[in-house]
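Residues per chain are reported as follows:
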Amino acid sequence: MEKYEVSIKWDDEESCFMAIIPRRYRLRAYGETRAEALKNLNIEAARHPEYVEGLTDSLGPAKETPSYNGQIDLKVPRSLHKSLSQAATKREISLNAYIIASLPKPRPQKASRKKSRE
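Here the structure is a predicted model, which is why all the values come from computation and not from measurement. (Residues numbered from 1 in each chain as written. Predicted model: local features only at pLDDT ≥ 70, side-chain atom pairs only at ≥ 80, totals over all residues. Heavy atoms only, no water.)

S.K.: Would you mind going over the packing of aromatic side chains with me for this structure?
M.R.: How two aromatic rings sit relative to each other is given by the distance of their centres and the angle of their planes. Applying the stated criterion to the full structure yields one aromatic pair. Relative to Phe17, the ring of Trp10 has its centre 5.0 Å away and its plane inclined at 80°; by these criteria the two rings are edge-to-face. (Phe/Tyr/Trp six-rings, centres within 6.5 Å; stacked < 30°, edge-to-face > 60°.)

S.K.: What should I look at first to understand the nonpolar core in this one?
M.R.: Nonpolar side chains in soluble globular proteins tend to end up buried together. By size, the foremost hydrophobic cluster in this structure holds eight residues: Phe17, Ala19, Ile21, Leu27, Ala29, Ala37, Leu41 and Ala45. Contributions of two or more residues to this core are made by β2 (16-21), β3 (24-31) and α1 (34-47). Residues in contact with Ala37, not counting those within four places in the same chain, are Phe17, Met18, Ala19, Ala29, Tyr30 and Gly31. (Core = buried A, V, L, I, M, F, W, Y, C linked by side-chain atoms within 4.5 Å. Buried < 20%, exposed > 50% of the residue type's maximum accessible area, 1.4 Å probe, protein only. Helix = DSSP H or I, 4+ residues; strand = E, 2+ residues; numbered from the N terminus. Contact = heavy atoms within 4.5 Å.)

S.K.: Would you take a moment to explain the pattern of salt bridges for this structure?
M.R.: Pairing is possible between side chains of opposite charge, provided their charged atoms come close. For the structure on display, the rule yields three salt bridges. For Asp11, the salt bridge is made with Lys75, and the minimal N-O distance between the two is 1.7 Å. One end of the pair, Asp11, is in strand β1 (residues 7-11); the other, Lys75, is in the loop between α1 and α2 (78-90), and 64 residues separate them in sequence. A relative accessible area of 8% means that Asp11 is categorised as buried. Overall, Lys75 belongs to the partly exposed group, its relative accessible area being 28%. In this structure, the salt-bridge partner of Arg47 is Glu44, at a minimum N-O distance of 2.8 Å. Residue Arg47 and its partner Glu44 are both found in helix α1; the two are separated by three residues, about one turn of the helix. (Salt bridge = Lys/Arg side-chain N within 4 Å of Asp/Glu carboxyl O.)

Limitation: the analysis is restricted to geometry and does not speak to function.
This is the structure we're talking about:
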């Protein structure tokens, strides 16, 4: 693995350790021990070199301002993941389409009108 910052912490929801590269939140791995989580992160980094390209120093530049590219890395309990997947399969649509259809639609914001006092 290249030299870059790695964070390893206990994940209560998964009941195991999670290793993550803080500057690349999409790249994470789990393990029963810290060593196993780190080993699994190395495997994931090798599988997805596009996530670690350019991360050759331990500190690196400041974190980038988030962009709104339509992708959200969302972590949910396994039981919720299972029930959502089953509901999507039942409707013969993708999990992504099912979740999007289940979200409330944003309401258009009305222009703020300030009353002037004279």
